[in-house]
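Notes for the structure review
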Amino acid sequence: MNKPKMTTEKGVPSNSRVLMLLGQLERLSRDAMLADAEIGRQITAKILHLIQTQEKTRKEIMSKGSSGMEVILATLENTQDLQTILNILYILNELLTVGGGRRELMLQLHSLLAKVGPKDRKFGVKARLNGALNVTVNLLKQNLQNHKLLLPCLQVLRVYSSNSVNAVTLGKNGVVELMFKIIGPYSKKNTSLLKVSLDTLGALVKSKTNARRVVDQAHVPVLLYIYQDWHRNDTRHRHMLIRKGILGCLKNITNIKLGRKAFIDADGMRILYNTSTECLPVRTLDPLINTSSLIMRKCFPKNRLPLPTIKSVFHHQLPHVPAGGPVAQLYNQPLGVDDVVDESDDNEDAETENDTENEEEEKDHHAGNDDIETDISKLRPKETHSRPFEELKIYERFFLELSEDFQGFNFDNPKSGVTATPAAPKSHRPIIVPTAQALPPKHPTAAPLQGECHLAKGEHPHPEASPPAPAATPAPVHPLDLDTINITKDQDGCCDHSQIQPHPGLEQELVQGLERVALEGAGPQGRAGGGGGVNRHNRQPPLLAARQGGGAEETLAEEEGGEGAVLEVPDTALLLPLHDPDLYVEMVKSTSSVPQYSEVAYPDYFGHVAPTFREHILERVYGVQRTKIFQDIERLIHPNDILDKVVYDLDIQSCPVIDDGESLKFNSQFESGNLRKAIQVRKFEYDLILNSDINSNHYHQWFYFEVSGMRVGAPYRFNIINCEKSNSQFNYGMQVLMYSVQEAISGRPRWVRTGTDICYYKNHFSRSSIAAGGQKGKSYYTMTFSMTFNHKDDVCYFAYHYPYTYSTLKMHLQKLEALRTPQIYMRQDVLCETLGGNSCPLLTITAMPESTSNDQICQFRNRPLVFLSARVHPGETNASWVMKGTLEFLMGSSPLAQSLREAYIFKIVPMLNPDGVVNGNHRCSLSGEDLNRQWQSPSPELHPTIYHTKSLLQYLAAIQRAPLVFCDYHGHSRKKNVFMYGCSLKETVWQTNISATSCDLHEDLGYRTLPKILSQTAPAFSMASCSFVVERSKEATARVVVWREIGVQRSYTMESTLCGCDQGKYKGLQIGTRELEEMGAQFCVALLRLKRLTSPLELRNHAHLLDVESDLIETRCKVTSSPSTYVLEDEEHSFMEEVDYSAESGDEPDNDPDTADPHDNHLSDSDYNNHRDSLT
Ligand SMILES: [Zn+2]
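Residues numbered from 1 in each chain as written. Predicted model: local features only at pLDDT ≥ 70, side-chain atom pairs only at ≥ 80, totals over all residues. Heavy atoms only, no water.

Within the protein chain, the secondary structure is distributed over 45 helices and 18 strands. With 1176 residues in all, the protein chain has 59% of them scored as buried. In the protein chain, once contacts between residues fewer than 6 apart in sequence are set aside, the share between residues at least 24 apart is 79%. When the accessible surface of the protein chain is totalled, it reaches about 46400 Å², and 52% of it is carbon and sulfur. (Helix = DSSP H or I, 4+ residues; strand = E, 2+ residues; numbered from the N terminus. Buried < 20%, exposed > 50% of the residue type's maximum accessible area, 1.4 Å probe, protein only. Contact = heavy atoms within 4.5 Å. Areas by Shrake-Rupley, 256 points an atom, 1.4 Å probe, with all protein chains shown as cover.)

One finds Phe666, Phe718, Phe798 and Met1054 to be the most contacted residues of the largest nonpolar core, which totals 134 residues. If one sorts the elements of this core by residue count, helix 42 (residues 1073–1094) sits on top with 11 residues. (Core = buried A, V, L, I, M, F, W, Y, C linked by side-chain atoms within 4.5 Å.)

What follows covers the pairing of strand 16 (residues 965–972). When you tally the buried positions in strand 16, you get 8 out of 8 residues, the bulk of the element. Alternating positions in strand 16 separate into two faces, Val965, Cys967, Tyr969 and Gly971 on one and Phe966, Asp968, His970 and His972 on the other, with burial throughout. Relative to strand 16, strand 14 (residues 865–870) runs parallel, the two sharing 5 bridges. Note on strand 16: the bridge partner recorded for Leu868 is Cys967. Pairing geometry for strand 16 and strand 18 (residues 1050–1057), over 8 bridges, is parallel. (Pairing = 2+ DSSP bridges.)

Per the counting criterion, the structure on display carries 42 aromatic pairs. When the ring of Phe670 is compared with that of Tyr704, the centres are 4.9 Å apart and the planes differ by 75 degrees; the resulting orientation is edge-to-face. Here Phe670, found in the loop between strand 2 (665–667) and strand 3 (677–682), pairs with Tyr704, found in strand 5 (residues 704–708); they are 34 residues apart in sequence, far enough to count as distant. Comparing Phe670 with Tyr704, the two get one shared label, buried. Aromatic side chains Phe718 and Phe798 sit 5.5 Å apart centroid to centroid with 50 degrees between the ring planes, which places their arrangement in the tilted category. (Phe/Tyr/Trp six-rings, centres within 6.5 Å; stacked < 30°, edge-to-face > 60°.)

Two strands in a sheet stick together by hydrogen bonds in their backbones, pointing the same way (parallel) or opposite ways (antiparallel). Taken together, 6 strands build an open sheet; the order of strands is 1-3-4-6-10-9 and the sheet is mixed. Strand pairing shows two members of the sheet lacking a second neighbour, strand 1 (645–649) and strand 9 (756–767), which therefore form its edges. On average, each strand axis in the sheet is tilted by 25 degrees relative to the strand beside it, whichever way the strands run. Strand direction decides the pairing type here: strand 9 and strand 10 (residues 778–787), joined by 7 bridges, are antiparallel. Residue pairing for strand 10: Tyr761 is matched across the bridge by Thr782. On top of the sheet, helix 31 (residues 624–637) reaches strand 3, strand 4 (685–689), strand 6 (716–723), strand 9 and strand 10; it is set at about 45 degrees to strand 9, its chief contact. (Axes fitted to C-alpha atoms, helices over the stretch in contact; angles between N-to-C directions.)

On to the coordination of the zinc ion, then. Within the protein, His873 (ND1), Glu876 (OE), Glu876 (OE) and His970 (ND1) serve as the donor atoms for the zinc ion, at 2.1 to 2.3 Å. Between the 4 donor atoms coordinating the zinc ion, the angles at the centre fall across 59 to 152 degrees, so the site counts as irregular. (Donors = N, O, S within 2.8 Å, 3.2 Å for Na, K, Ca; no water. Tetrahedral: all angles 85-135°; square planar, octahedral: opposite > 155°, others 65-115°.)

Our next topic: the UniProt feature "active site" (unreviewed entry) in the protein chain. In the numbering used here, UniProt assigns the feature "active site" (unreviewed entry) to Glu1055. Position of Glu1055 among the secondary structure elements: in strand 18. Owing to a relative accessible area of 8%, Glu1055 belongs among the buried residues under this scheme. Non-local contacts of Glu1055, meaning those with residues more than four positions away in its chain, are made with His970, Gly971, His972, Asn977, Val978, Phe979 and Tyr981. (UniProt positions renumbered as here; feature names shortened; annotations may be inferred.)

Glancing now at the pattern of salt bridges. All chains considered together, the criterion is met by 41 salt bridges. Here Arg717 ties to Glu685 by a salt bridge, and the two come within 3.5 Å at their closest N and O atoms. Of the two residues, Arg717 sits in strand 6 while Glu685 sits in strand 4, which places them 32 residues apart along the sequence. (Salt bridge = Lys/Arg side-chain N within 4 Å of Asp/Glu carboxyl O.)

The subject of this paragraph is the pairing of strand 3. Each regular strand displays side chains that alternate between the two surfaces of the sheet. Within strand 3, 6 of the 6 residues are buried, which leaves the element mostly enclosed by the surrounding structure. Here strand 1 runs beside strand 3; their pairing, made up of 4 bridges, is antiparallel. Bridge pairing in strand 3 places Lys645 opposite Gln680. Here strand 3 pairs with strand 4 via 5 bridges, running antiparallel. Its bridge partner being in strand 4, Lys677 is matched across the sheet by Ile689.

At a closest axis distance of 10 Å, the pairing of helix 18 (residues 268–279) and helix 31 adopts a crossing angle of 140 degrees. In terms of their interaxial angle, helix 18 and helix 31 are classed as oblique. The chirality of how helix 18 crosses helix 31 is left-handed. Contact residues: Met269, Arg270, Tyr273, Ser276 and Thr277 in helix 18; Phe630, Ile633, Glu634, Leu636 and Ile637 in helix 31. In the contact of helix 18 with helix 31, the residues fall into 6 nonpolar, 2 polar and 2 charged. (Parallel < 35°, antiparallel > 145°, perpendicular 65-115°, else oblique. Left-handed = near helix turned anticlockwise from the far one by under 90°. Nonpolar A, V, L, I, M, F, W, Y, C, P; charged D, E, K, R; others polar.)

Structure representation (structure tokens):
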């Protein structure tokens, strides 16, 4: 050990002593012993002490011929030890006060610091604490002409500036001005100096005070001038990083309002637009274009939407408006509330403003974790029932099957109707009903208890119950001419869909069908027929005119130029057994909408035959977002090119119709339609504004509108400019849906995925903070797509997803009733009326008992219940298509369907929000509220469908018949595949920090079984996307309330993607109605498997089933060990090709400026593809 040796040096003259110490240090350095940090620290500490106490020592080290300085600096360069570095810095600091060779020392010192600094994250702080900032600044000021010295000083300064406190201090000391003395126009000399000063300046102006300083001293035009100069002269792009450095400064300066104003005043928009346009052909200049675009978007003046108010254009008077509720708040807002001001101010507390977007996302992320329910009491079944049984008893009438005895029913001749027969003998054999209900019996007096059969005479349902009351053989509510349905079609419905492979003959069949069944002139005609005389003369497309004129068909055929279009309703009966245009029109007549629609959209009238070709998830074209954004910026730069012509506007009474041949014609005034306004921006470009949900001022995402008057082959661009979500599947390959009437009458009635150059990005429209509900003013997003139309005189429809109207549901239900066979027990009840005066259907489907024998009737009554619902969110039309698949399967004639009906009683509310669907809402009902947040305490007046559906479930719980499975079908706009959310106490607890003892809770793993089965059987289903965590924000949803209050362990939300799949058989494809319906059918098949798995008897007898169960447990273990079980709302990774999602984001994929290779700054297409692959 060296330590004792050094302590013996006492008494040696001090000058010798310092030299001796230096000698030791040199040896340490040479022998690479600096790794032994302790020795280095001690020696340097002693040297420091000597220097501080004896002036002589300083002179000795600095004297000519002494190698002391070199040794110290060499040590500084070699050591890894922080304390040693600090000691040396102190030594150097002391030495600086001595004259002679100082400049040389400073040069060396700064060279070293420039190397050391970036490696130490705390370097800037240490430098400030040691008073080193001013040393460097003064040195700079005194040596502005000494370029050799300047460079290392600037490099050190750059490191200092990265600390925000330093930046403010340095700014006060005039460093911002200093930088402007160094940076200048194009020159081949001293480019490194320039680069470093720009980087330093860029770091300094992250501080708002410094940014303001730059603005105050009119340096913004200077920066823009310099940028243009470099742009002009740096023709070979050797100094891209200098140009990028200038933009970096502008980017930070424009984070403050004054900065944006200065930028606009200095003509910054035009300058950056022009330079960027010139850079476009050179791919390596992408970073410049992207940063320019970021700055321009940020500076683009914020505007309110071009609407009189963002409140919904339609209003519905509620029975009562709860004070303090969302509707009261909305209508109490002051006038002019929508006016948008630039809300970001320059207060110091707004220091973090530039990264709001990221912060929001981060907050979301954290909120996601914070959102997990940690209150154990809320994770346990709720013990108390708030409602007395007497109150629930009225719901008995919706459960006729639970007391049905079929006494008057002739099983030999089921069509003969109800006749009186003697009661069957009683049976008391207990029947096991595997419900998940864990609650103790509460109401022993309640109607049929499980395990018992009361087949007492006169136990017939209440006479007032169930208006159609189709007791034993429930007859169709509306008689239907069966001749219109081709019953030879396989009635397994969507069960077959999974097996039907697309075959080319299909369309051929359709066309032939067309020839056979031509509608004679005066048949029900689209909106005209359905509407009962809506006056639309001036806007009727030629197509309609021809249809109505009857004899005009030839004229049109001529116009069609031999396309062979015939004006007929496509005969889809073969392919769409549940569709009937005439019946649809009938249904529409009894549907009430707030705007009192009287038109029928062609797609709903004709029906949709899923195309047989595959629709791939769209590959994103490189740079598409940038191109679109530049076109948007052009509006500001060349305002005279902008037409700004309103061509459709629901805010104006008798919406104006412009028919000058120069503009498209729009229409959205039909069931489920949503388009509020269309503005022609350029010859072939339209801004579209969606309507808010009724009685709200936001929630718009769903759209469905008609377009006509198009030119064939013209490149149309559509921009929906008031989207709200911060990201969308439109950025990940999803396309919009289009329906062409010309195609339909040519035998291809179908929605197809369409549109190119699709992207989704933050735009320059926003709403004020008050209108946004007190938050910071919120920006809107643009969803843009381009397309060309193929047919002249076509009428086309665009939709967010495959439309499925309330009238469609009613039509399907009628058709389904007609499919009933003697084996099927099916009943349609009206659960309640909605606020808008539509009825909410409730279906009961099960199998008829084989006879009235006691055993049969007991089995019938005691079948476990499965409770399904859908479409609480109107914009999630996919949920209805899945429901259609489920219903069609349940009514099918396959043995599987029969087994399923024999296994369960299905209670189904296929549309929980008819009003929302009818009126083209995206999320809410007429109360302006999200109905799936009302399950905790639904109001019978404001949320009738939820109130009564919950009551049905409460009734079941009260009579000990809580369903085995509850599932609410939804659509998911931000994730791919189909998946489920469930509720698990344990999995929720595992995601939190609740101590292990409290998670010593018993929980049956059964909740995983159904999704697990689905992942094995349904190709679109993905187990990996499922989550069983109970979130606080979801505590009022159906899933959580039914789990907690009703005690249903298998309570789910099933989410279907609006986009497509990234796994399984449909990987890479967008989802269509065929896949959605298949999903609904597969859900049924899975329930049958579940039945086998949950029956204790069967388990005992079939060992292999036990294997499956243990499989499931296995999976559980695997999944729960991974933290990714918890699925956040927004799953897609942020899009890599274009970073400037949002104008506010200061976040760029910026590499270290010195090491950045411009070629690598942005992902190439192949990188992008790899990235996408990695997402899967
Ligand atoms: Zn939903």
